[in-house]
Each structure stands twice: as C-alpha cells, then as structure tokens.
Amino acid sequence: MARALQLAARGVYTARPNPMVGCVIVNDGAVVGEGWHQKAGEAHAEINALRAAGDNAKGATAYVTLEPCAHTGKTPPCANALVEAGVAKVIVAMQDPFREVSGRGLVILQEAGVATELGLMQAAAESLNAGFISRITRGRPQVKLKIAASLDGAIAMSSGESQWITGPEARHDVQKLRAKAGAIMTGIGTVLADDPSLNVRAPEIDTQGLQPLRVVLDSRLRMPVTAEMLSLPGSTLVCCTGDYDATGLEKAGAEVRNFGAHGSIVNVFEVLAALSEREINDVLVEAGPQLSGYLLEKDLVDELVIYQSPHIMGSNTRRMFDTPNWTVLADRRTLDITDVRRVGADTRITAKIEH
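Residues numbered from 1 in each chain as written. Predicted model: local features only at pLDDT ≥ 70, side-chain atom pairs only at ≥ 80, totals over all residues. Heavy atoms only, no water.

### Considering the pattern of salt bridges
Alright, step 1. Within this structure, the stated rule accounts for 13 salt bridges.
Alright, step 2. In this structure, Asp-302 and Arg-140 form a salt bridge, with 3.1 Å as the shortest nitrogen-oxygen distance. Taken together, the positions of Asp-302 in the loop between helix 11 (289–297) and strand 15 (303–309) and Arg-140 in the loop between helix 6 (130–138) and strand 6 (142–150) put the pair 162 residues apart, joining distant regions of the chain. Of the two residues, Asp-302 and Arg-140, neither departs from the other in class, the shared state being buried.
Alright, step 3. The closest approach of N and O atoms between Lys-144 and Glu-303, which form a salt bridge, is 3.2 Å. With Lys-144 in strand 6 and Glu-303 in strand 15, the pair connects residues that are 159 residues apart, well separated along the chain.
Alright, step 4. Salt bridges sharing partners connect three or more residues here, namely Asp-173, Asp-339, Arg-341 and Arg-348. (Salt bridge = Lys/Arg side-chain N within 4 Å of Asp/Glu carboxyl O. Helix = DSSP H or I, 4+ residues; strand = E, 2+ residues; numbered from the N terminus. Buried < 20%, exposed > 50% of the residue type's maximum accessible area, 1.4 Å probe, protein only.)

### Focus on the nonpolar core
The nonpolar side chains of a soluble globular protein tend to be buried with one another.
Alright, step 1. Counting 35 residues, the largest nonpolar core has Met-185, Val-215, Leu-217, Val-271 and Leu-275 as the members making the most contacts within it.
Alright, step 2. Here this core takes five residues from helix 10 (residues 268–277), the largest share from any one element.
Alright, step 3. Membership of the second largest hydrophobic core comes to 32 residues, among which are Ala-81, Val-90, Met-94 and Val-114. (Core = buried A, V, L, I, M, F, W, Y, C linked by side-chain atoms within 4.5 Å.)

### Observations concerning the sheet that holds strand 11 (residues 254–258)
Alright, step 1. Here nine strands make up an open sheet; going across it, the order is 11-10-9-8-14-6-15-18-17 and the pairing mixed. On the outer flanks of this sheet lie strand 11 and strand 17 (335–343), each paired with one strand and no other. Direction aside, neighbouring strands of the sheet carry axes that sit 20° apart on average. (Pairing = 2+ DSSP bridges. Axes fitted to C-alpha atoms, helices over the stretch in contact; angles between N-to-C directions.)

### Points about unusual backbone geometry
Alright, step 1. Of note, the bond from Arg-16 into Pro-17 is cis; its omega dihedral lies within 30 degrees of zero at 5°.
Alright, step 2. Structurally, Pro-17 can be placed in the loop between helix 1 (2–8) and strand 1 (22–27).
Alright, step 3. With omega at -5°, the peptide bond leading from Gln-163 into Trp-164 counts as cis.
Alright, step 4. Even without being glycine, Leu-221 reaches a positive phi, approximately 50°.

### So, a nonpolar patch on the surface
Alright, step 1. On the surface, Leu-335, Ile-337 and Val-340 cluster together to form a nonpolar patch covering roughly 270 Å² of accessible area.
Alright, step 2. By secondary structure assignment, the location of Val-340 is in strand 17. (Patch = residues over 30% accessible without salt bridge, like charges linked within 9 Å, V, L, I, M, F, W, Y side chains within 5 Å. Areas by Shrake-Rupley, 256 points an atom, 1.4 Å probe, with all protein chains shown as cover.)

### Things to note about helix 10
Alright, step 1. Within helix 10, the full set of buried residues consists of Val-268, Val-271, Leu-272, Ala-274, Leu-275 and Ser-276.
Alright, step 2. The distance from a side-chain oxygen at the start of helix 10 to the backbone nitrogen of Phe-269 is 3.0 Å, and the residue carrying that oxygen is Asn-267.
Alright, step 3. The positive-phi residue at the C-terminal boundary of helix 10 is Glu-279, with phi of around 65°. (Polar contact = N/O pair within 3.5 Å; in protein donor to acceptor, adjacent residues only side chain to side chain.)

Worth remembering: the numbers are spatial, not functional.
Quick look at the structure:
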C-alpha cells in the first residue's frame, strides 16, 4: 500500500479534479502490475495496473489507495474491471466519499466473490486527497494560505516594498504549491500593488498544460484590463459584488461573476461554494493581510504554509494578518505543525489549523 500511495502522488499536478489514486497488483508474493491515475479523462489507476499485470492479475491481490469506482463517468467502472480480470482480493486504503461510489465499489467486488479489506494506511490516503474529500464532504475546497515573512513576522515594509523577502529556492518551492492547486486566490489590493502573474512557470514542473484558475476578490470591480495575469495562459475569475460594467475585462479575457457581499468584501463563502461546483479541490491563497486575516477569522483556512526568512525587518512594517476581531488571547487559533524544513536559506513551516 505504501508503494501504491507513492504511485498515486505522481498525479499531484495532473489528476485534478479527480483524486490521486495508485494501485499495486501482487501475485504469489511478487508485484506483477503497477499504475496510477495520471490525468482526468484517462485510465484510472486500477486499469493501468491491470494492463501491466495482464494474465498475472488472475488470482492476485490488488492494493488500491481509494475504493474502486462503481459508476461510468469518463471511464468504465474499475470495480467491474477487477472482477473481470479475476483478481482474488482487493485491499483498499479508504472508502470513496463520492456519492456515486461510497461503498458501492466494495459491494460489487464482494458480490462477485472477491475478498476485500478496508482501512490499510487510511490516514495517509486521506491526507493525500484532503482537497478532494473537502470538496465532496464539505462543499468547499481545502484552503491553503501561503505567507512569506521575515523572522519578526513582517511581510512588507510600511511603504509596501516586499520584493524579495524570501530567497529564490523558496520562491521556486511556491511554484510547486501553485501547480498542486486547482485555484489561486488573491485580493484586488495585491493585484493593484504587485500585478502578480499567479501562474506556474517553472519549466521542470510538468503540469501537462494545466494552470490553476486565478481568482481575484474585487468587490468594486477595480481590476485593470492591463493586469499581467489576463495575458497569460489559463483563466482568471474576477469576483465582484455590485452591478458594474464588465465589458472591458471580459474582452481582456477575464470571467466576471457577481457574488453577495459580506461586509465590505465579496462573500468568500459563496466564492468557495462556486469553486467547489467547478470541481476545484484545492485553493492556494496568496494575498495581503486583510484577506488573509479575514479568512482566518472566518475559520476558512485549513492549512498555513509560512516561508520564514532569516532576517529582521523591524517595526516600520506590515504584519502577516489583519484580524481586528481578535482582541483577547482566547481568540487565537491553535496550530498543528506538521512539517518544518529548510528551503534554501529560508524555513518552510507547514501547519494545519484546528477548527
């Protein structure tokens, strides 16, 4: 199963919006077939492993990181394919939360006389596809907030100067975060101040042409038609709250959509629900302290990734988060730090937020 999880992770940049799945087929103690889901619309992990195994699949045991599908989507059901191949046993890490599967794949196998086991390395399998699970079970993507800061918690000087706080290795590492995300979210303040590209541009990261959807929260539709991101491959969704003339932006290539307001900004709950409807599993937020703080206050951040640079910027600076509603110590959020490592001269801290 550990090998199957390694195989599944190979689809990290290309499997979306489908989950990452790996499969290993073992017969008489030897691996006879391996496969993973490489891209949506193409063969699933089980099919690739069965093709590799050929006749050796008969009487074998299949280790699969996610319950084999039981419905016909863009590809036929994998549960039926395992039965037809004569597999004797299927060991599954986790049940598929998707309502059209959700136990039915295991039932198909069991009714055909195939032995099944469920739960081997389940936590690792769930972690691998946390965004997919979030979309299916909560109706919103997993939200990951990325911050680049100094050792004393500054993200910019008070003038707004911020390039560059972290080193080139950390900035390259962010390219990997972007490539894993279905969407990158920012606020209009960041667009007006920095004119970011918010794209994946590291040539060695093979996304097979996939670019994350760029999402700009822009209540009053101030997005300039000359924004750099509008001239780049991929799509940009601009989210506003009023009746504005979007003709110019749409001609420039943006999609403009009206959402409800939550105070003075776009209702982020509605935006995340809409992204879920578009089959976005993971959202990476690269924004300023106002939007970052708002998301934290509303308990919409699932994971923090902080790149901390080994220098001090002093007091004449801007802080990571603007959280005006946190006024007492009890308002703080508890973090579960899951990873700390060096990235060049910087330190990358990954932490889950306990809701």
